[in-house]
Amino acid sequence: QLYLVESGGGLAQPGGSLRLSCAASGNIISLNNMAWYRQAPGKQRELVATISPGGRTNYTDSIKGRFTISRDNAKNTIYLEMNNLNSEDTAVYYCHARMSAGVGFFQTQEYEYWGRGTQVTVSS
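Residues numbered from 1 in each chain as written. Predicted model: local features only at pLDDT ≥ 70, side-chain atom pairs only at ≥ 80, totals over all residues. Heavy atoms only, no water.

1. With respect to unusual backbone geometry
The bulk of non-glycine residues show a negative phi, and the bulk of peptide bonds are trans.
Item 1. Phi at asparagine 76 takes a positive value of approximately 55°, unusual for a residue other than glycine.
Item 2. Mapped onto the secondary structure, asparagine 76 falls in the loop between strand E7 (67-72) and strand E8 (77-82). (Helix = DSSP H or I, 4+ residues; strand = E, 2+ residues; numbered from the N terminus.)

2. Some thoughts on the sheet that holds strand E3 (residues 18-26)
Item 1. The sheet built from four strands is open, its strands ordered E1-E3-E8-E7 with antiparallel pairing. With one partner strand each, in any of the chains shown, strand E1 (2-7) and E7 form the two edges of the open sheet. Looking at each pair of strands side by side, their axes are set apart by 15° on average, direction ignored.
Item 2. With six bridges joining them, E3 and E8 adopt antiparallel strand pairing. Within E8, the residue paired with leucine 18 across the bridge is methionine 82. (Pairing = 2+ DSSP bridges. Axes fitted to C-alpha atoms, helices over the stretch in contact; angles between N-to-C directions.)

3. Some details on the pairing of E1
Item 1. Judged by which residues are buried, E1 turns out to be one-sided: Leu2, Leu4 and Glu6 face inward and are buried, whereas Tyr3, Val5 and Ser7, on the alternate face, are not.
Item 2. Here E1 runs beside E3; their pairing, made up of six bridges, is antiparallel. Across the sheet, the residue bridging to glutamate 6 is cysteine 22, located in E3. (Buried < 20%, exposed > 50% of the residue type's maximum accessible area, 1.4 Å probe, protein only.)

4. Section: the state of the cysteines
Item 1. According to the stated counting rule, one finds one disulfide in the structure shown.
Item 2. Cysteine 22 shares a disulfide with cysteine 95; S-S distance 2.0 Å. The S-S bond linking cysteine 22 to cysteine 95 shows a torsion near -80°; that makes this disulfide left-handed. Of this pair, cysteine 22 sits in strand E3 while cysteine 95 sits in strand E9 (residues 91-102); the two residues are 73 residues apart in sequence, bridging distant segments of the chain. (Disulfide = S-S within 2.5 Å.)

5. Digging into the pairing of strand E5 (residues 46-51)
Item 1. In the sheet, strand E4 (residues 31-39) pairs with E5 via five bridges, with the strands oriented antiparallel. Along E5, the bridge assignment pairs alanine 35 with threonine 50.
Item 2. Linking two consecutive strands that pair antiparallel, namely E4 and E5, is a turn of six residues; a positive phi of about 75° is found at glycine 42 within it.
Item 3. Both E5 and strand E6 (residues 57-59) contribute to a ladder of three bridges, which runs antiparallel. Each bridged residue has a counterpart across the sheet, and for threonine 50 the counterpart in E6 is asparagine 58.

6. Some remarks on the environment of glycine 117
Item 1. Assignment of secondary structure puts glycine 117 in the loop between strand E10 (108-114) and strand E11 (118-122).
Item 2. On a C-alpha basis, the gap between glycine 117 and glutamate 46 in space is 13 Å, while along the polypeptide they are 71 residues apart.
Item 3. Ignoring anything within four residues of it in the chain, the contact list for glycine 117 reads Glu6, Val92, Tyr93 and Tyr94. (Contact = heavy atoms within 4.5 Å.)

7. Remarks on the pattern of salt bridges
Item 1. Applying the stated criterion to the full structure yields six salt bridges.
Item 2. Taking the shortest distance from any N to any O, the salt bridge between arginine 38 and aspartate 89 comes out at 3.0 Å. Of this pair, arginine 38 sits in strand E4 while aspartate 89 sits in the loop between E8 and E9; the two residues are 51 residues apart in sequence, bridging distant segments of the chain.
Item 3. What makes aspartate 89 buried here is its relative accessible area of 1%.
Item 4. Two residues, lysine 64 and aspartate 61, come together in a salt bridge whose shortest N-O distance is 3.3 Å. In this structure, lysine 64 and aspartate 61 share a single accessibility class: exposed.
Item 5. When salt bridges that share partners are traced, they join Arg38, Glu46, Arg66 and Asp89 into one network. (Salt bridge = Lys/Arg side-chain N within 4 Å of Asp/Glu carboxyl O.)

Here it is as structure tokens:
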């Protein structure tokens, strides 16, 4: 089992900043791509940012230039630094991870895991 625990959410004013963390623990074999998703009230969960083991990143257009995803492989942790927040950033933010593991003598398979989420509220 792999466990993902998010932290760092809370209340921020418009234009403010927050830094989210997601720590992976449990039976870690090899963490592959990791990502942050978010889900606002009444909306579908959306992908915010992804990061590969080597640090390659991708961002959704709405947050590009404001948010930065990073990872510390030694700590099995990813981060999301959020700057210049606005009210539309209000959502529950979820950590997502993919992990490769052996399923036989030679084959491997990729599994995916989700954290429980952390609330981010942007309001004056």
